[in-house]
Amino acid sequence: TLADIYFDFDRSDIRPDAKQVLEENARWFKSNPRARAKIEGHCDERGTTEYNLALGQRRTEAVKRFLVALGVDASRVSTISYGEERPICSDHQEGCWLKNRRGHFVVESK
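Keep in mind that what you see is a predicted model, and the values were worked out from it rather than measured.

## Quick look at helix α1 (residues 16-31)
- An ideal rise of 1.5 Å per residue puts 22 Å on 16 residues; α1 measures up with 24 Å between its terminal C-alpha atoms.
- Among the residues of α1, Ala 18, Leu 22, Asn 25, Ala 26, Trp 28 and Phe 29 are the ones counted as buried. Burial along α1 is one-sided: seen end-on, the buried residues are contained in an arc of 155°. Pointing more than 90 degrees away from the buried face of α1 are the exposed residues Pro 16, Gln 20, Lys 30 and Ser 31.
- Looking at the buried positions of α1, the neighbouring elements they touch are β1 (5-6), β2 (36-42), α2 (49-69), β3 (77-83) and β4 (102-109).

What follows is the structure, encoded as structure tokens:
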């Protein structure tokens, strides 16, 4: 239902390809007015645990700001950072790291 977005290394700004995904996600929120979701911020393994937790939080806040600017009520979106603690890929190369640098959506209620 809600698609993930991906980030460049050591960045929290929304990439152009992610903007299109977030526009679709905003449409989903508008067509599901009772839905709430959590945005999980994730990072690759490079950097300290503390740095990656902060980076993951900056990423979730950027995603939330973008959705709110598109008309999604801020109270319907919560955020949490997991930093590097929950990778979806464990290889030590760029193709894998890219998959781990993500904003992941979890629908909490409909």
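## Quick look at the sheet that holds β1
- Strand order in the open sheet formed by 4 strands is β1-β4-β2-β3, and the pairing between neighbours is mixed. The sheet is open, and its two borders are formed by β1 and β3, each paired with just one other strand.
- Sheet topology places β2 next to β3; 6 bridges connect them, and they run parallel. Its bridge partner being in β3, Ile 39 is matched across the sheet by Thr 79.

## So, the state of the cysteines
- Counted according to the given criterion, the structure contains 1 disulfide.
- Covalently, Cys 89 is tied to Cys 96 through a disulfide, its sulfur atoms 2.1 Å apart. Disulfide Cys 89-Cys 96: torsion about the S-S bond near -135°, hence left-handed. As far as the burial class goes, Cys 89 and Cys 96 line up, both buried.
- In this structure Cys 43 is a free cysteine whose sulfur lies 14 Å from that of Cys 96, the closest cysteine sulfur available.

## Side note on the pattern of salt bridges
- All told, the structure shown has 8 salt bridges when counted by the stated rule.
- With a shortest N-O distance of 3.2 Å, Arg 15 and Asp 8 are connected by a salt bridge.
- A salt bridge links Asp 17 to Arg 15; the nearest nitrogen and oxygen atoms lie 2.8 Å apart.
- Asp 17 sits in the partly exposed class, given a relative accessible area of 39%.
- One continuous salt-bridge network, built from bridges that share partners, spans Asp 44, Arg 46, Glu 94 and Arg 101.

## As for the pairing of β2
- Most of β2 sits inside the fold, with 6 of its 7 residues counted as buried.
- Pairing between β2 and β4: 6 bridges, direction antiparallel. Bridge assignment links Gly 41 to a residue of β4, and that residue is Gly 103.
- As a crossover connection, the stretch from β2 through α2 into β3 is right-handed.

Criteria and thresholds
- Residues numbered from 1 in each chain as written.
- Predicted model: local features only at pLDDT ≥ 70, side-chain atom pairs only at ≥ 80, totals over all residues.
- Heavy atoms only, no water.
- Helix = DSSP H or I, 4+ residues; strand = E, 2+ residues; numbered from the N terminus.
- Expected span 1.5 Å × (residues − 1).
- Buried < 20%, exposed > 50% of the residue type's maximum accessible area, 1.4 Å probe, protein only.
- Arc of directions from axis to C-beta.
- Contact = heavy atoms within 4.5 Å.
- Pairing = 2+ DSSP bridges.
- Disulfide = S-S within 2.5 Å.
- Salt bridge = Lys/Arg side-chain N within 4 Å of Asp/Glu carboxyl O.
- Right-handed = clockwise from strand over helix to strand, strands pointing away.

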